[in-house]
Structures are given as C-alpha cells and as structure tokens.
Amino acid sequence: MIVQVLAFYLFSAILVASGVMVISARNPVHSVLYLILAFFQAAGLCVLMGAEFLAMILVIVYVGAVAVLFLFVVMMLDINFRELRQGAAQYMPFGALIGLVLLAELAVVFGAWAVAPAASQALGAPTPAIDQVNNTRALGQLIYTQYAYLFQASGIVLLIAMMGAIVLTLRRREGVRKQDISAQLARRREETMAVIKVPTGEGV
C-alpha cells in the first residue's frame, strides 16, 4: 500500500511538472518530449487505478503515433512560427463564425438529448460493478453513457487541432508545377495535338 501511494505521488509530481514544461518550453521539440513524458506518467497512474487498457491506449496511440509524428514534423519542417503568427487577426471573424456554428450544433444535440424519451432511462441505468465486467467493456460503458458529452467534446478538440496543423503547414510556393485536373479536362483537342502533313521524302 505504501509503495502504491509513493508511486502515485511520484507519477503525479512528474506529470504536473512535465505539463508545465510543455507550455513553458521555448523549443517546440522540447515541448513534444515533455508531452511524451506526461503521457507516460498518465499511463502509470492508469495502471495504479487498474485501468490497464487505458494505459496501453495512452502509450500506443498518443506516444507511439501522435507525439512521435508531431516530433518528426517539428524536427523535419523548418517552420518559422513568428511568420505564421503574422496576419492571424484577419482570420478571427471566420474563426468566430465557425465557433458559433459549433455552439449551435452542440445546442441542437443537447436539446435533442434532453427531449429524447429514452434519455432519462439511459442516464438512470446502473453501471455494473467493475468485478462483473472486464476492463474494456466497463470503460466503453462509461465513455458512451456517463461521459458521452466529454468524449464528443474531446473529438471536436482533436478535429480543430488537426485542421490547425493542416493550415499552419500549408504553403504556396511560386514556380512549383502542380496537377490541375479541372484544367486538364477543360482542354480541347486542338490545344493538345496537331496534325501535320509531311511531304513524301522530306522531314518534319
């Protein structure tokens, strides 16, 4: 019991410290490394709570895919963050409009959930004891019933983060030839080929 308490305080202290360093580090690479460390500490806390499945998901998905991919992107792309921040104010009205649309959609979802006839029954359904179901099934029942709103909100946050990463890395360079399918389909036969009658015994 004492070992578990000490491990809890150790993981928690390192998790809080690494979380502070993620947002305070000036180097983006260092921020990603601290983020990976925070994920590992959170996985350790999940193991202490008996949620081994959630701990493995944290390590495999977030550390093995998201954080490492972000680390490679930051290290391989020479991104000038100061230049990217310039002109961000002109996109604020468009961002505010998207935020209002998302709020309206959430209001519609919450309203439909409130007036649904089976909503009260779903909320009032008792969650089975942890010793009666396995770890994965108990986690799924909690996520998709009691914490369904938070689960959807986290999905929206990840979607916005993905869209922001695409916008930040999208660059338009002059002199680069790219395929334009619509222009290719709009071409006429006269523009693509020419029939030349070559006299007999003479070259083109």
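Refer to the structure presented above.
Residues numbered from 1 in each chain as written. Predicted model: local features only at pLDDT ≥ 70, side-chain atom pairs only at ≥ 80, totals over all residues. Heavy atoms only, no water.

So what exactly am I meant to see when it comes to the nonpolar core here?
Nonpolar side chains in soluble globular proteins generally cluster together in the buried interior. In terms of nonpolar packing, the biggest core is built from 6 residues, these being Ala-42, Ala-43, Cys-46, Ala-51, Ala-55 and Leu-58. Mapped onto this core, the elements with two or more residues apiece are helix H2 (28-48) and helix H3 (52-76). Here this core takes 3 residues from H2, the largest share from any one element. With residues up to four places along the chain from it excluded, the contact list for Ala-51 reads Cys-46 and Asn-135. By size, the runner-up hydrophobic cluster in this structure holds 5 residues, among which are Ile-36, Phe-39, Val-63 and Ala-67. (Core = buried A, V, L, I, M, F, W, Y, C linked by side-chain atoms within 4.5 Å. Buried < 20%, exposed > 50% of the residue type's maximum accessible area, 1.4 Å probe, protein only. Helix = DSSP H or I, 4+ residues; strand = E, 2+ residues; numbered from the N terminus. Contact = heavy atoms within 4.5 Å.)

Would you mind going over the packing of aromatic side chains with me for this structure?
Both the distance between ring centres and the angle between the ring planes are used here to describe each pair of aromatic rings. Throughout the structure, instances matching the rule amount to 2 aromatic pairs. Consider the rings of Phe-8 and Tyr-9, whose centres lie 5.5 Å apart with planes at 70 degrees: the pair is edge-to-face. Centre to centre, the rings of Tyr-144 and Phe-151 are 5.2 Å apart; their planes meet at 70 degrees, and the pair counts as edge-to-face. For Tyr-144, a relative accessible area of 57% gives the class exposed. Exposure remark for Phe-151: the relative accessible area of 35% places this residue in the partly exposed category. (Phe/Tyr/Trp six-rings, centres within 6.5 Å; stacked < 30°, edge-to-face > 60°.)

Whenever I open this one, a nonpolar patch on the surface confuses me. Can you help?
Among the surface-exposed residues, Phe-53, Leu-54, Met-56, Ile-57, Ile-60, Val-61 and Val-66 lie close enough to one another that they form a single nonpolar patch of about 560 Å² accessible area. As for its position among the elements, Val-61 is in helix H3. On the basis of relative accessibility, which here comes to 35%, the residue Val-61 falls in the partly exposed class. (Patch = residues over 30% accessible without salt bridge, like charges linked within 9 Å, V, L, I, M, F, W, Y side chains within 5 Å. Areas by Shrake-Rupley, 256 points an atom, 1.4 Å probe, with all protein chains shown as cover. Salt bridge = Lys/Arg side-chain N within 4 Å of Asp/Glu carboxyl O.)

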